[in-house]
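Examination of the molecular architecture
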Protein chains: 2
Amino acid sequence: MREQTQNAFRALADPTRRDIVQLLASQDMTIAQLTEQFDMTRAAVKKHLTVLSDGGLITVEARGRERLNRLEPNGMGPVLDWFSYFDQFWDDRLNNLKEAIERKSK
Amino acid sequence: MREQTQNAFRALADPTRRDIVQLLASQDMTIAQLTEQFDMTRAAVKKHLTVLSDGGLITVEARGRERLNRLEPNGMGPVLDWFSYFDQFWDDRLNNLKEAIERKSK
DNA sequence: TTGACATGATACCTTTTGGTATTATATTTA
DNA sequence: TAAATATAATACCAAAAGGTATCATGTCAA
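Residues numbered from 1 in each chain as written. Chains lettered and ligands numbered in written order. Predicted model: local features only at pLDDT ≥ 70, side-chain atom pairs only at ≥ 80, totals over all residues. Heavy atoms only, no water.

1. Section: the packing of helix α1 (residues 2–12) of chain B against helix α4 (residues 42–54) of chain B
Residues and elements named next belong to chain B. The interhelical angle for the contact between α1 and α4, taken along N-to-C directions, is 145°, at an axis separation of 8 Å. Of the two possible hands of crossing, α1 and α4 adopt the one that is left-handed. Every residue of α4 that contacts α1 at Gln4, Asn7, Arg10 and Ala11 is listed here: Val51, Leu52 and Asp54. (Axes fitted to C-alpha atoms, helices over the stretch in contact; angles between N-to-C directions. Helix = DSSP H or I, 4+ residues; strand = E, 2+ residues; numbered from the N terminus. Left-handed = near helix turned anticlockwise from the far one by under 90°. Contact = heavy atoms within 4.5 Å.)

2. Notes on the pattern of salt bridges
For the structure shown, the criterion picks out 6 salt bridges over all chains. Arg63 of chain B is the salt-bridge partner of Glu61 of chain B, the closest N and O atoms lying 3.9 Å from each other. By sharing partners, the salt bridges in this structure join Asp28, Glu61, Arg63 and Arg70 of chain A into a single network. (Salt bridge = Lys/Arg side-chain N within 4 Å of Asp/Glu carboxyl O.)

3. What to know about the protein's contact with DNA strand C
The full set close to DNA strand C counts 19 residues, and Thr41, Lys47, His48 and Gly64 of chain A together with Arg42 of chain B are the nearest of them. Considering DNA strand C, the proportion of its atoms within 4 Å of the protein that are sugar or phosphate atoms stands at 73%. One of the backbone nitrogen or oxygen atoms of Ile31 of chain B is found 3.5 Å away from a phosphate oxygen of DNA strand C. Contributions of two or more residues to the surface near DNA strand C are made by α4 (42–54) of chain A together with α3 (31–36), α4 and β2 (66–71) of chain B. (Near = heavy atom within 4 Å. Polar contact = N/O pair within 3.5 Å; in protein donor to acceptor, adjacent residues only side chain to side chain.)

4. Examining the packing of aromatic side chains
By convention here, two paired aromatic rings are described through the distance between centres and the angle between planes. Scanning all chains against the criterion turns up 7 aromatic pairs over all chains. A centroid spacing of 5.4 Å and a plane angle of 80° characterise the contact between Phe9 of chain A and Trp82 of chain A, whose relative ring orientation is edge-to-face. With Phe9 of chain A in helix α1 (residues 2–12) and Trp82 of chain A in helix α5 (residues 77–83), the pair connects residues that are 73 residues apart, well separated along the chain. Ring geometry for Phe9 of chain B against Phe83 of chain B: centres 6.1 Å apart, planes inclined by 50°, an arrangement best described as tilted. Note that Phe9 of chain B is positioned in helix α1 and Phe83 of chain B in helix α5 (residues 77–83), a separation of 74 residues in sequence. Accessibility classification places Phe9 of chain B together with Phe83 of chain B in one group, the buried group. (Phe/Tyr/Trp six-rings, centres within 6.5 Å; stacked < 30°, edge-to-face > 60°. Buried < 20%, exposed > 50% of the residue type's maximum accessible area, 1.4 Å probe, protein only.)

5. Topic: the protein's contact with DNA strand D
Near DNA strand D there are 20 residues, and of these Thr30 and Arg42 of chain A together with Thr41, Lys47 and His48 of chain B occur at the shortest range. A breakdown of the atoms of DNA strand D within 4 Å of the protein gives sugar and phosphate a share of 71%. Arg17 of chain B places a polar side-chain atom, nitrogen or oxygen, 3.1 Å from a phosphate oxygen of DNA strand D. Note that a phosphate oxygen of DNA strand D is positioned 2.2 Å from one of the side-chain N or O atoms of His48 of chain B. Broken down by secondary-structure element, the contributors of at least two residues to the surface near DNA strand D are α3 (31–36), α4 and β2 (66–71) of chain A together with α4 of chain B. It is α4 of chain B that provides the largest number of residues to the surface near DNA strand D, a total of 4 residues.

These figures capture arrangement, not role.
Pasting the structure below:
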């Protein structure tokens, strides 16, 4: 599972891919829909999606001739697990994040 | 500050650099000490440290002819901020992390 | 001061990465 | 069925990344 962690971190290293993740957080999208949002070819976007898929961050569902790209809810797991390793350093940060979330959920 | 986020994510994309971060979490180390832990030259380790520094994840303190590399406590800030954007998706994950931390602090 | 030590800087090489262009395949739809 | 649509796959290219070797610089110690 070490490989999965590496692939996930690698997937997040590119700004375009992080943007794709944010877009897919609001709704599932086809390659064509995603490509509209960027200044690059569909082939380039497809490559990014492959990297995101390798990282376990998205899944693809075939719907007729379309393919719906969907964020994988558990995809960030390995990444967040890695961060949780630094309790003594990041506890404060994580607590801030926690509090922000709690504030919103009220 | 968009640049800082990118540099931090980029810094974390390499497994050697993540290992360096983990090593520095336990104690500050010189390049020579870090190099002992890896199968590569000092120059290569130095490059990784430069990337980590660019990402704001470490700072360097000159001590005589040595340079002590130290983890920057707030360095992960931009990265964790980015993750906090996905409340609706990652809340559960973050809550699990939060609970694990709370359990430990008891 | 001279030599050893710790690091910095640079040139160079190979592989990976991010992108395009092009061609192929599968699915609708007129 | 034929044309249009949505995507996949491949070859190719320039730039960035990760590494080594080598040389330069600054500091400590005899």
